[in-house]
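Understanding the architecture of this molecule
Take a look at the letters that make up each chain.
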Amino acid sequence: MEQLKDIITQIRAKYDSLSKRHKTLADYIIEHPDDMAFMNINQFSEKTGVSPATITRFARQLEFQGYPELQRSAYEHQRKWVPFGQLKSLLRSETPAGASARNVLEWTIQNNTQQLAELCAPQLQESFFRSCELLSKARTIYIAGFRSSYSVAYYLAFMLSQMYGNVRLLSTATSELPCVLCDAGAEDCLVLISYSRYTKSSYELVSYFHQISSPVVTITDSLTSPIAMKSTEVLLASNGGNFSPVAAITLCSSFITALGRQNSQQTLKRMEDQDKIALEHGIYL
């Protein structure tokens, strides 16, 4: 399949030859790529004051087949370069507050449902099974996620630590990593949650585990990202453009259940022992 053209590159290459109305569209896209990525052609027309027919001609002049391909290129551009692009677009919405709340709830449910549906891909299921095999054999399971991904990493580490004593959640403080990672080896496994824009810390971490020949299981949004290229198994879980963690959390929940069932008696005993200790120390009300 031909790689999708980058919308900003196409605009810059053609800008001098564009008409006045087309330059209006080009200027808007350059200034607000995250907004345009989530507008249909009528919404884009209303926002710019340019007719849908002119927008279609503009898309073709930029060598796109039509507005849908133009919009998809804008989406790919903002997804790569603008963190939380979809969230920013929603926050800029001029819809009245009450109606906006109802629309956001409906949109969020639909967006999350779509993300979950994408998890049913056969390739993902095969990668999930192989990942479970790697984790079940690991001497130590290291789990990491930076910035917005940390909450997902914490959830996975907390739940797995109820069943296994060999789970370590890596701190987001990079200064602590050398002390922790000096014990890591090829017998261990890293689970990394990382989404665009990928942090330098995530890349350096996966590079280190790759260097020591330790398996890496990555939950991410692209098979061609710098993170994925150095991973043993890549689990694609869309974040919907504004880091909705529902798909990543679902994969983590699946890991928790699948790994817990591999030795259910031992898992249940460990969990019951922890509950007993918690009650004895008055942790719960």
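Look up: the structure comes first, before these words.
Please read these numbers as outputs of a predicted model, since none were measured by experiment.

1. Points about the overall build of the protein chain
- Each helix and strand in the protein chain was counted, giving 14 helices and 5 strands.
- Per-residue burial over the protein chain gives 43% buried out of 285 residues.
- Contacts in the protein chain between residues at least 24 apart in sequence constitute 70% of all its contacts with a sequence separation of at least 6.
- Taken as a whole, the protein chain presents about 15,800 Å² of accessible surface, with 54% of it coming from carbon and sulfur.

2. Examining the pairing of strand S4 (residues 216–220)
- With 5 of its 5 residues buried, S4 lies for the most part within the structure.
- Bridge count between strand S3 (residues 189–193) and S4: 4 bridges; the pairing is parallel. Counterpart to Leu-190 in the pairing with S4 is Val-216.
- Note that the unit made of S3, helix H12 (residues 200–211) and S4 has a crossover that is right-handed.
- Bridge analysis of S4 against strand S5 (residues 233–236) gives 4 bridges, and the strand direction is parallel. In the strand pairing of S5, Val-217 is matched with Glu-233.

3. What about the packing of helix H2 (residues 20–31) against helix H5 (residues 52–61)?
- Running from N to C, H2 and H5 cross one another at 75°; their axes reach a closest spacing of 10 Å. In terms of orientation, H2 and H5 fall into the roughly perpendicular class. Touching Arg-21, His-22, Leu-25, Ala-26 and Ile-29 of H2 are Thr-54, Ile-55, Arg-57, Phe-58 and Gln-61, all from H5.
- Looking at the contact of H2 with H5, its residues break down into 5 nonpolar, 3 polar and 2 charged.

4. Quick notes on the nonpolar core
- Formed by 30 residues in total, the largest nonpolar core has its most connected members in Ile-143, Leu-156, Val-191, Ile-219, Leu-235 and Phe-255.
- Taken together, the elements giving at least two residues each to this core come down to helix H9 (122–137), strand S1 (141–145), helix H10 (150–161), S3, S4 and helix H13 (246–262).
- With 7 residues, H13 is the largest single contributor of residues to this core.
- Among residues more than four places away in sequence, those in contact with Leu-156 are Ile-143, Val-191, Cys-252, Phe-255 and Ile-256.
- If you look at the next biggest cluster of nonpolar residues, it comprises 21 residues, including Ala-26, Ala-37, Tyr-67 and Leu-70.

5. Observations regarding the packing of aromatic side chains
- Throughout the structure, instances matching the rule amount to 8 aromatic pairs.
- What links up through ring pairs into an aromatic cluster is the set Tyr-28, Phe-44 and Tyr-67.

6. Brief notes about the sheet that holds S1
- If you trace the 5 strands from one edge of the open sheet to the other, you get S2-S1-S3-S4-S5, paired in parallel fashion. Each edge of the open sheet is held by one strand with a lone partner, namely strand S2 (167–169) and S5. Shown here is a sheet whose adjacent strand axes are inclined to one another by a mean of 15°, direction ignored.
- Strands S1, S3, S4 and S5 of the sheet are contacted by H9, whose axis makes an angle of about 135° with S5.
- In this fold H13 packs onto S4 and S5, with an angle of close to 145° to the strand it touches most, S4.

7. Looking at the pairing of S3
- Of all 5 residues that make up S3, 5 are buried, and the element is covered over most of its length.
- Both faces of S3 are covered, namely the face carrying Cys-189, Val-191 and Ile-193 and the face carrying Leu-190 and Leu-192.
- Relative to S3, S1 is paired through 5 bridges, and the arrangement is parallel. Considered in S3, the bridge of Ile-141 is made with Cys-189.

8. Comments concerning the pattern of salt bridges
- Scanning all chains against the criterion turns up 7 salt bridges.
- The partner of Lys-137 in a salt bridge is Glu-133, and the shortest N-O contact between them spans 3.2 Å. Of this pair, Lys-137 and Glu-133 both sit in helix H9, separated by 4 residues, roughly a single helical turn.
- Linking Glu-204 and Lys-200 is a salt bridge whose minimum nitrogen-to-oxygen distance equals 3.9 Å.

Rules used in this analysis
- Along each chain, numbering runs from 1 in the same order as the chain's sequence is written.
- Given that the model is predicted, a residue must reach a pLDDT of at least 70 before its local features are reported, and side-chain atom pairs must reach 80 or more before they are shown or counted; all residues, however, enter totals for whole chains, interfaces and linings.
- The side-chain quantities take in all heavy atoms of the structure and omit both hydrogens and water.
- Helix numbering and strand numbering both begin at the N terminus, where a helix is a DSSP run of H or I of at least 4 residues and a strand a DSSP run of E of at least 2.
- We call a residue buried when its accessible area falls under 20% of the maximum for its residue type, exposed when it is over 50%, and partly exposed in between, using a 1.4 Å probe and counting protein chains only.
- Any two residues whose heavy atoms approach within 4.5 Å at even a single point are treated as in contact.
- Areas reported here follow the Shrake-Rupley algorithm with a probe of radius 1.4 Å; residue values treat only the protein chains shown as occluding.
- If DSSP finds at least two bridges between two strands, the strands pair.
- By convention a crossover is right-handed if, when the strands point away from the viewer, the path from the first strand over the helix to the second runs clockwise.
- Axis definition: a line fitted to C-alpha atoms, over the contacting stretch in the case of helices. Angles run 0 to 180 degrees between N-to-C directions.
- For this classification, under 35 degrees means roughly parallel, over 145 means roughly antiparallel, 65 to 115 means roughly perpendicular, and everything else is oblique.
- Under the convention adopted here, Pro, Cys and the residues Ala, Val, Leu, Ile, Met, Phe, Trp and Tyr are nonpolar, Asp, Glu, Lys and Arg are charged, and Gly plus all remaining residues are polar.
- For our purposes a nonpolar core is just a set of buried Ala, Val, Leu, Ile, Met, Phe, Trp, Tyr and Cys residues, chained together by side-chain atoms within 4.5 Å.
- When the centres of two rings from Phe, Tyr and Trp lie within 6.5 Å, Trp using its six-membered ring, the rings pair. Their planes under 30 degrees apart give stacked, over 60 give edge-to-face, and anything left gives tilted.
- Any carboxyl oxygen of Asp or Glu that lies within 4 Å of a side-chain nitrogen of Lys or Arg is treated as forming a salt bridge with it.

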